[in-house]
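Examining the three-dimensional arrangement
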Amino acid sequence: MNTNAKPVTILTGFLGAGKTTVLNAILRSKKDSRFAIIENEVGEISIDGELIVKNTDSFTELNNGCICCSINDSFVDTLRKISQRDDWDELIIEATGIANPAGIIEPFKQLQWLQKYFQIPNVIAIADAKNIESQLKVSETAATQLAFGNKIYISKTEEVLEDELQSIKKLVKDFNPLAQLHTGSKSAIPIAELLKSDELSTSPSLPSEHKPKHDHFEAITLVYDQAFDEQKLFSRLYTFLIVQSADVYRFKGVFNDSRRPNKLVIQSVMKSLYVEEAETWNEGDERKSKFVFIGKNLQSKGFDRMLKSCFL
Ligand SMILES: Nc1nc2c(ncn2[C@@H]2O[C@H](COP(=O)(O)OP(=O)(O)OP(=O)(O)O)[C@@H](O)[C@H]2O)c(=O)[nH]1
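Under Catalytic activity (unreviewed entry), UniProt gives the following word-for-word description of the chain: "GTP + H2O = GDP + phosphate + H(+)".

**Here's the deal with the overall build of the chain**
For the chain, the count of helices and strands is ten helices and twelve strands. In the chain, which comprises 312 residues, the proportion classed as buried is 54%. Pairs at least 24 residues apart make up 77% of the contacts formed inside the chain by residues separated by at least 6 positions. Roughly 14400 Å² of accessible area belongs to the chain as shown, and the carbon and sulfur atoms make up 48% of that amount.

**Brief notes about the domain arrangement of the chain**
Parsing the chain into structural domains produces domain 1 (6-195) and domain 2 (218-308). The C-alpha centroid of domain 2 is placed 24 Å from the C-alpha centroid of domain 1. With 22 residues of domain 1 at the interface, the matching set in domain 2 holds 21 residues. Between Lys 186 and Glu 276 there is a salt bridge whose closest N-O contact spans 3.1 Å. Scanning the region where domain 1 abuts domain 2 turns up two residue pairs in polar contact (both at pLDDT 80 or more).

**Re the site of the ligand**
Within the structure, the ligand sits among 22 residues, and Thr 21, Glu 158, Lys 186, Arg 250 and Lys 252 are positioned closest to it. Between the ligand and the protein, one listed contact pairs an oxygen atom with a backbone N or O atom of Gly 16 at 3.0 Å. Take Lys 252: an N or O atom from its side chain is 2.7 Å from an oxygen atom of the ligand. Against a free-state accessible area of 650 Å², the protein chains account for coverage of 95% of the ligand. Looking at the shell around the ligand, the elements that each hand over two or more residues are α1 (19-29), β9 (248-255), β10 (262-269) and β11 (272-280).

**A look at helix α9 (residues 230-243)**
Over its 14 residues, α9 runs 20 Å from end to end, which matches the ideal 20 Å to within 8%, given 1.5 Å per residue. Burial in α9 covers these residues: Glu 230, Leu 233, Leu 237, Phe 240 and Leu 241. Buried residues of α9, seen end-on, are gathered within an arc of 105° and therefore sit on one face of the element. In α9, the exposed positions that point more than 90 degrees away from the buried face belong to Gln 231 and Val 243. Those residues of α9 that are buried are in contact with β9, β10, β11, β12 (289-295) and α10 (300-308). Backbone nitrogen of Gln 231 and a side-chain oxygen of the N-cap are separated by 3.0 Å at the start of α9; the cap is Asp 229.

**Examining the environment of Asp 285**
Here Asp 285 lies in the loop between β11 and β12. Here Asn 282 takes part through its backbone nitrogen, which lies 2.7 Å from a polar atom of the side chain of Asp 285.

**Regarding a negative patch on the surface**
Together, Glu 133, Glu 162, Asp 163 and Glu 164 make up a negatively charged patch on the protein surface. In terms of residues, the negative patch owes the most to one element, helix α7 (residues 162-175), which gives three residues. Looking at where Glu 162 falls in the secondary structure, it is placed in helix α7.

**Examining the pairing of β11**
Sheet topology note: the β10/β11 ladder contains seven bridges and is antiparallel. Bridge pairing in β11 links Asn 262 to Thr 280. Counting the residues in the hairpin turn of β10 and β11 gives two residues, including Met 270, whose phi is positive at 50°.

**Considering the nonpolar core**
If you look at the biggest cluster of nonpolar residues, it comprises 28 residues, and the most contacted ones within it are Leu 146, Ile 152, Ile 154, Ile 168 and Val 172. When contributions to this core are tallied by element, the ones reaching two or more residues are β5 (122-128), α5 (132-138), α6 (140-148), β6 (151-155), α7, β9, β10 and β12. Built from parts of two domains, this core gets at least three residues from each of domain 1 (6-195) and domain 2 (218-308). Those residues in contact with Ile 168 that lie beyond four places of it in its chain are Ala 129, Ile 132, Ile 154 and Val 160. Judged by nonpolar contacts, the second largest core, of 22 residues, contains Phe 240, Val 248, Leu 273 and Met 306.

Conventions adopted
Residues numbered from 1 in each chain as written. Predicted model: local features only at pLDDT ≥ 70, side-chain atom pairs only at ≥ 80, totals over all residues. Heavy atoms only, no water. UniProt positions renumbered as here; feature names shortened; annotations may be inferred. Helix = DSSP H or I, 4+ residues; strand = E, 2+ residues; numbered from the N terminus. Buried < 20%, exposed > 50% of the residue type's maximum accessible area, 1.4 Å probe, protein only. Contact = heavy atoms within 4.5 Å. Areas by Shrake-Rupley, 256 points an atom, 1.4 Å probe, with all protein chains shown as cover. Domains from an automatic or database assignment. Salt bridge = Lys/Arg side-chain N within 4 Å of Asp/Glu carboxyl O. Polar contact = N/O pair within 3.5 Å; in protein donor to acceptor, adjacent residues only side chain to side chain. Near = heavy atom within 4 Å. Expected span 1.5 Å × (residues − 1). Arc of directions from axis to C-beta. Patch = residues over 30% accessible without salt bridge, like charges linked within 9 Å, V, L, I, M, F, W, Y side chains within 5 Å. Lys, Arg positive; Asp, Glu negative; His and termini not counted. Charge placed at Lys NZ, Arg CZ, Asp CG, Glu CD. Pairing = 2+ DSSP bridges. Core = buried A, V, L, I, M, F, W, Y, C linked by side-chain atoms within 4.5 Å.

This is the structure we're talking about:
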């Protein structure tokens, strides 16, 4: 092992599993570390970039598009760029929720020059206690993500009963018996255990002829200059999610309600919808509102009409 190589953590897991939440908890708990962060998102517009807690000693690189299928030049270029900087101590990569993480893990194992700068990654696969069972039924990707973790973290455990949690543990173990299993909730994420590197040798190696499969998800991003009415937006989206949204697996937005000094974040995971306050708008901000819908057979016109009906 190269002693100058720095630690790398990859966060994978299905849409809405809690990857950004874990990333933010790591940033908050290790204030003295300087993090290089790579966000791999679908859609042309970054929303996750806006959801990461601000830490002046860290920097974020965005890598849009699918990096699941092969060693991807733009991802390797991003790693090269980071390797040439000396203002970071640890690298964290948040993979998109809709892809097999093989293409993110593969370069670290196969490109020798990378090993001079980066350790073999600690891969944390996050499974949402409330939704993983149904996600595994609709998505092969959800299963593949679990299979790649050397650690599996079951999030949102406070949302399920103890006997449900036991059967979820058994279920995820079936997909990856070698992984260390951890559980937690938003306010009690076992960061130290998740980041401990002593078990990395159990990281599953890639099958020599692996053919990554991914589901045919698409993302629609919509951006508006107009301000939104928070209540209207919540109630229309809530009704939409309950009544019509079989094919929307994830929805996220950062929006402006001009009566409020803060950015507002609205997001759904399956049928649940949440609004949270984020940082305040700065003087001179354009106050654009951005939304992304992720799923199958999506029609942007319908989303656009619904969102426009929620302007202030
Ligand atoms: N109740 C509860 N909610 C959680 C927990 N972890 C995350 N969440 C919520 O779940 C939603 C999705 O969390 P994110 O961290 O954005 O999920 P993600 O995996 O980054 O989502 P994508 O990047 O879109 O795939 C947010 O509303 C979080 O606040 C948890 O342990 N308990």
